[in-house]
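Results of the structural survey
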Amino acid sequence: MVLIVDDIKANIIALKKTLELHNIDVDTAESGEEALKKILKTNYCLIIMDVQMPGLDGFEVVKILSGNKRTKDIPVIFLSALNIEKKYIFKGYETGAVEYITKPVDTDLLMLKVKTFIKIYEQQNELKGIKDLLSQEIKIRKEAQDNLEIKIAERTKELVLKNEELEMKNHELQQFAWVVSHDLNEPIRKIQIFIKIIKEHYLKEDEKGIDYVDRTIKSAERMQTLITDLLAYSRLSAQVKPEVTDLNVVLQEVLSDFDYLIERKNAIVKTTELPTIDSIPSQLRQVFQNLIGNALKFSGTNEPPVIEIISELIVDKSFDSPTSPEGKYCRIIVKDNGIGFDEVYLDRIFIIFQSLNDRQSYEGTGIGLAIAKKIIEKHNGLITAKSQVGKGASFIIILPLKYE
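Rules used throughout
- Residues numbered from 1 in each chain as written.
- Predicted model: local features only at pLDDT ≥ 70, side-chain atom pairs only at ≥ 80, totals over all residues.
- Heavy atoms only, no water.
- Salt bridge = Lys/Arg side-chain N within 4 Å of Asp/Glu carboxyl O.
- Helix = DSSP H or I, 4+ residues; strand = E, 2+ residues; numbered from the N terminus.
- Buried < 20%, exposed > 50% of the residue type's maximum accessible area, 1.4 Å probe, protein only.
- Core = buried A, V, L, I, M, F, W, Y, C linked by side-chain atoms within 4.5 Å.
- Phe/Tyr/Trp six-rings, centres within 6.5 Å; stacked < 30°, edge-to-face > 60°.
- Expected span 1.5 Å × (residues − 1).

Focus on the pattern of salt bridges
Applying the stated rule across the entire model yields 12 salt bridges. For Lys 38, the salt bridge goes to Asp 27, with nearest N and O atoms at 3.2 Å. Of this pair, Lys 38 sits in helix 2 (residues 32–41) while Asp 27 sits in strand 2 (residues 26–29), and the two are 11 residues apart along the sequence. According to the relative accessible area criterion, Lys 38 is partly exposed, its value standing at 24%. Of the charged contacts in the structure, one is a salt bridge between Glu 312 and Arg 331, with a shortest N-O distance of 2.8 Å. Of this pair, Glu 312 sits in strand 9 (residues 306–314) while Arg 331 sits in strand 10 (residues 329–336), and the two are 19 residues apart along the sequence.

Describing the nonpolar core
Ranked by internal contacts, the top residues of the largest apolar core, which has 39 residues, are Phe 288, Ile 292 and Phe 395. Sorting the residues of this core by element identifies helix 7 (247–257), helix 9 (281–297), strand 9, strand 10, helix 10 (368–378), strand 11 (382–387) and strand 12 (393–400) as the ones contributing at least two each. Of all the elements, helix 9 adds the most residues to this core, at 7 residues.

Here we look at the packing of aromatic side chains
Tallying each qualifying case throughout the model produces 1 aromatic pair. A ring pair is formed by Phe 350 and Phe 395, whose centres lie 6.3 Å apart and whose planes are at 90°; its orientation type is edge-to-face. Taken together, the residues Phe 350 in the loop between strand 10 and helix 10 and Phe 395 in strand 12 connect sequence positions 45 residues apart.

Description of helix 9
With 17 residues, helix 9 should cover 24 Å at 1.5 Å per step; its first-to-last C-alpha distance of 24 Å lies within 8% of that length. With respect to burial, helix 9 is a largely interior element, 12 of its 17 residues being buried. Of all the positions in helix 9, only Pro 281, Gln 283, Leu 284, Val 287, Phe 288, Asn 290, Leu 291, Ile 292, Gly 293, Asn 294, Ala 295 and Leu 296 are classed as buried.

Written as structure tokens, this is what we have:
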């Protein structure tokens, strides 16, 4: 809305008619005092002010407006027929007016200026609205950020305490495992010794008694193996610093340990060059030991075991990754021609205490592959298997060359 201020009513009527013809809402005041009262109650987008008025003249009204925070940005156009000298025009601009027009007024020029200032005022109001919205958004985001930082700090503190508690419990668990393993192994060793003495001295001609004793000795051996494997599984929680490891050396150590069994079963072991990686050598030795041990254990009865250990560099951490001489990962495959297994049970074979075979025919604790999986995952790697019943199995390992 535009406010017209003039002490001559005829001037107001003429100017009001002109503005209303251009669909501009108009309000009027016949004195400076009346104008101030209306301006304090209503928001105007433009004021057209006569300079020469009784009481408060136009200059004084604009000076008052410019000193008020709410009204200082309202554009004012001065109209004057008497004060047309330069000093009055300068005074008009100095008091805060945006335009000083002398009479007689060019109506078209006046309307052009009025529409321009109305548009500028609307744009300023729109920008002010956007600014207010942005300020509100910034305030909301700052509050959210502050709350988030508080929550993160609280959560971090909570996680640190939980981690410390977990480390303490893990340490206690390792100590417990060592004590239990010693306390369990000792009576088992005595059982084995006394049973063997009974067999050798008191059951020489009692075939049924000897059979029962042999079964007891085998059960004790299985219990001892189970305790050893459980202890090995519990040790994997300990933090050990990785080191540069030549996997060829690790593999040869494992094959050397299996020399007797390989020879007894007439097994054939084929290997390719393995890479040098960052790892914990003792743990990867255990992986090879478990996989090669399984290949020898679960061999078929019709032909001697054939074990192939193949290695290649690959592009990324994926079982199907393409090979590349510049690859940052290696894919190691341990393949055998043994009894194999149905891939329906693939998820089960890596779970602790899960065994797919008859324990009377194939001895084992069901922990070996669970240990292998946990070791590979601690090295930021992957492990899976492919197999068919009666057609052997292939265990596929993905490991990074550099420890991450």
